[in-house]
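Read off the chains here:
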Amino acid sequence: QRWLMLARRLRVTTGARAVSTLARLPGLDGELAVESMVYSNAGARAPWVVCFHSSGLGARQWAAGPQLAPGANWIAVNFCGYAGSSPWPREQRAPSLADQASLACAAIDHVVPDRARLFVLGHSYGGSIALASCAR
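If you're wondering where the values come from, they're calculated on a predicted model, not measured in any experiment. (Residues numbered from 1 in each chain as written. Predicted model: local features only at pLDDT ≥ 70, side-chain atom pairs only at ≥ 80, totals over all residues. Heavy atoms only, no water.)

Caption draft 1: Broad picture of the packing of aromatic side chains. Scanning all chains against the criterion turns up two aromatic pairs. Both rings, one in Phe52 and one in Phe79, keep their centres 6.2 Å apart while their planes meet at 10°; by these two values the pair is stacked. Here the residue Phe52 occupies a position in strand S3 (residues 48–52), and Phe79 occupies one in the loop between strand S4 (73–77) and helix H3 (97–111), the gap between them amounting to 27 residues. We classify Phe52 as buried; its relative accessible area is 1%. (Phe/Tyr/Trp six-rings, centres within 6.5 Å; stacked < 30°, edge-to-face > 60°. Helix = DSSP H or I, 4+ residues; strand = E, 2+ residues; numbered from the N terminus. Buried < 20%, exposed > 50% of the residue type's maximum accessible area, 1.4 Å probe, protein only.)

Here it is as structure tokens:
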């Protein structure tokens, strides 16, 4: 709740751009689009903050983040079925945490430069995805 109060007090960042990545998972037919909201105005040498949203919200949950740490670049990944990310194919098995983590890692690899310093944030369900992503 403290985060929501801070977000309400701050002006929402408008410098975000949506980036879409196509990812393929083993045992799944076709590719899935994974959308990320990227706030990258801090420069190439700045660290990256990677954010994973809760199940009830999308990547815009983290929109005020760049104002809290303006010296970092931010990426917030939309999970399957949120915003511009593909819905999970109904005819396939149910998605696992490992599936969501793989898709999130594909989006991160597409945007974040190699060897960049990363900080990972996750809220609720996003915290589980964050841990699964870090384990990869």
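Past the structure itself, the notes keep going.
Caption draft 2: The arrangement of the side chain of Thr21 in detail. With respect to the helices and strands, Thr21 occurs in strand S1 (residues 17–23). Ignoring any residue separated from it by four or fewer positions in sequence, one finds Thr21 in contact with Leu32, Ala33, Val34, Ala106, Ala107 and His110. (Contact = heavy atoms within 4.5 Å.)

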